[in-house]
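Topology and contacts: notes
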Amino acid sequence: MHGPDAVIPAIPQPKVTNPVPDLERIVSDIAEEMRARPDRGEVATYIPELARADPNAFGIAVIAADGQVAVGGDADVPFSIQSVSKVFTLTLALGKIGNLLWKRVGREPSGSPFNSIVQLEAEHGIPRNPFINAGAIAVTDVILSGHQPREALGEILRFMHFLAEDSSIGIDEAVAASEQRTGFRNRALANYMKSFDVLENPVDYTLGVYFHHCAIAMSCRQLAMAARFLAHGGRNPSTGFSVVSAERARRINAIMLTCGHYDGSGEFAYRVGLPGKSGVGGGILAIAPGKASIAVWSPGLDASGNSHLGRIALEALTQRLGWSVFG
Ligand SMILES: NC(=O)CC[C@H](N)C(=O)O
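Residues numbered from 1 in each chain as written. Predicted model: local features only at pLDDT ≥ 70, side-chain atom pairs only at ≥ 80, totals over all residues. Heavy atoms only, no water.

1. Digging into the packing of helix H2 (residues 85-97) against helix H5 (residues 149-164)
The N-to-C vectors of H2 and H5 enclose an angle of 105°; their axes lie 11 Å apart at closest approach. The pairing of H2 with H5 is recorded here as roughly perpendicular in orientation. Judged by residue contacts, Phe88, Thr89, Thr91 and Leu92 of H2 engage Glu155, Ile156, Phe159, Met160 and Leu163 from H5. (Axes fitted to C-alpha atoms, helices over the stretch in contact; angles between N-to-C directions. Helix = DSSP H or I, 4+ residues; strand = E, 2+ residues; numbered from the N terminus. Parallel < 35°, antiparallel > 145°, perpendicular 65-115°, else oblique. Contact = heavy atoms within 4.5 Å.)

Pasting the structure below:
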């Protein structure tokens, strides 16, 4: 005899992988250690609104393959993601025009600061990679083509909502307005590229979208959620849906590893050993392929414009868990 339960179809369960031993303890230890450190780097001031960030803030969120979430410190406080947004705009632009993107932007490390102008002249207005400012502006221009700025921005924001499974993510308008007022260098970069026809749209439109996507505010938890597809062969591990192909995820990770920290990319690879992308708001997104998506935040920066404690925290995490991609 079967009981009534026998007719209820089985509910499909997500694939369960082994939980990471001690993950929660390691993450909370690191948050404690970072909170106690006196060396905090320098908060960015060239975008006046960013200068308001609290140098004592520190947050970390790690989302493992089985969905386990380990957080520490200010993991739920939203901050200005700035250049971390460039990972997501690159993903969208590749989705829109595929490998044609590489006619407009290179994929070599620049060895220069994020807002450098010098290489652009020698290389005929083609930025070295999609993560320096010039490259990210060219990528934004690709997303904008065929749309009004408001629509393009809406598309970027909806993509973040979809990836993070969180429609509360928004733009910090005060940060966007602050950069609109003071972004003279980015204006120079964009105008210079426009003179080589690398940008298709009016410079002000492209920059407007760029400044606004840099001003997206997210917490470490939201950022780690949004980047899960990069750690899992292009798939969202909780739904199983594919965001990009495995090949594309691998390639975005490769560009993060080689270019994600500007002229600090070599040092980040040496110390942390993971693909990562930093922003001047103090956020760093890092990907441990097959293992986890990780976001850290501490607003004080080092000389290359990357989060000082964020990098130290990631170095501690990868060492304790043996997560470096270099073994
Ligand atoms: N490195 C960064 O985060 C720079 C982003 C910033 N919006 C700028 O264009 O200057």
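2. A closer look at the sheet that holds strand S4 (residues 79-80)
Strand order in the open sheet made by the three strands is S4-S6-S5, with antiparallel pairing throughout. Among the strands making up the open sheet, the edge pair consists of S4 and strand S5 (170-171). Sheet analysis places S4 next to strand S6 (residues 216-218), joined by two bridges and oriented antiparallel. In the strand pairing of S6, Phe79 is matched with Met218. Where H5 meets the sheet, its contacts fall on S5 and S6, and the angle it forms with S6 comes to roughly 10°. (Pairing = 2+ DSSP bridges.)

3. What to know about the site of the ligand
Close to the ligand lie Tyr46, Gln82, Ser83, Phe114, Asn133, Glu179, Asn186, Tyr210, Cys214, Tyr262, Gly279 and Val280. In the environment of the ligand, an oxygen atom lies 2.6 Å from a nitrogen or oxygen atom belonging to the side chain of Ser83. The separation between an oxygen atom of the ligand and a polar main-chain atom of Val280 is 2.8 Å. In the complex, the protein chains occlude 100% of the 300 Å² of accessible area that the ligand would expose alone. (Near = heavy atom within 4 Å. Polar contact = N/O pair within 3.5 Å; in protein donor to acceptor, adjacent residues only side chain to side chain. Areas by Shrake-Rupley, 256 points an atom, 1.4 Å probe, with all protein chains shown as cover.)

4. Structural notes on the sheet that holds strand S2 (residues 59-64)
Spatial ordering of the open sheet is given by S3-S2-S9-S8-S7, a layout of five strands whose pairing is antiparallel. Two strands in the sheet have a free side with no partner beyond their single neighbour: strand S3 (69-73) and strand S7 (276-278). Between one strand and the next, the sheet's axes are offset by a mean angle of 10°, whatever the strand orientation. Here five bridges tie S2 to S3, and the two strands are oriented antiparallel to one another. Looking at S3, one finds that Gly59 is bridged to Gly73. Packed onto the sheet, helix H1 (residues 23-36) meets S2 and S3 and runs at close to 15° relative to S3.

5. Digging into the pattern of salt bridges
Two side chains bearing opposite charge may form a pair once their charged atoms approach each other closely. Throughout the structure, instances matching the rule amount to 15 salt bridges. One connected set of salt bridges, linked through shared partners, spans Glu267, Arg271, Arg311 and Glu315. (Salt bridge = Lys/Arg side-chain N within 4 Å of Asp/Glu carboxyl O.)

6. Points about unusual backbone geometry
Phi angles above zero are rare outside glycine, and Asp22 is one such case at about 65°. Within the element layout of this structure, Asp22 appears in the segment before H1. Backbone geometry places Tyr262, a non-glycine residue, at a positive phi of 55°. Mapped onto the fold, Tyr262 is located in the loop between helix H11 (246-259) and helix H12 (265-271).

7. With respect to the confidence of the model for the protein chain
When the pLDDT values of the protein chain are averaged, the result is 95; 95% of them are 70 or greater. For this predicted complex, the interface confidence comes out at an ipTM of 0.97, alongside a pTM of 0.94. (pLDDT = per-residue confidence, 0-100.)

8. Considering H11
The terminal C-alpha atoms of H11, which comprises 14 residues, lie 20 Å apart, in line with the 20 Å expected from a rise of 1.5 Å per residue. Looking only at H11, the buried set comprises Ala249, Ile252, Asn253, Ile255, Met256 and Cys259. Looking down the long axis of H11, one finds its buried residues gathered within 160° of arc, a one-sided arrangement. The inward-facing, buried residues of H11 contact H2, helix H10 (228-231), H12, S7 and strand S8 (283-288). (Expected span 1.5 Å × (residues − 1). Buried < 20%, exposed > 50% of the residue type's maximum accessible area, 1.4 Å probe, protein only. Arc of directions from axis to C-beta.)

9. Observations concerning the state of the cysteines
Counted under the stated rule, the structure contains zero disulfides. Here Cys220 stays free of any disulfide, with the sulfur of Cys214 as its closest cysteine sulfur at 18 Å. (Disulfide = S-S within 2.5 Å.)

10. Quick notes on the pairing of strand S9 (residues 292-297)
Along S9, six of the six residues are buried, which leaves the element largely enclosed by surrounding structure. Burial of S9 is two-sided: the residues Ala292, Ile294 and Val296 facing one way and the residues Ser293, Ala295 and Trp297 facing the other way are all buried. As defined by bridge partners, S2 adjoins S9 across six bridges and the pair is classed as antiparallel. Directly across from Gly59, in S9, lies its bridge partner Trp297. As paired elements, S8 and S9 share six bridges and run antiparallel to each other. Within S9, the residue paired with Gly283 across the bridge is Trp297. Counting the residues in the hairpin turn of S8 and S9 gives three residues, including Gly290, whose phi is positive at 80°.

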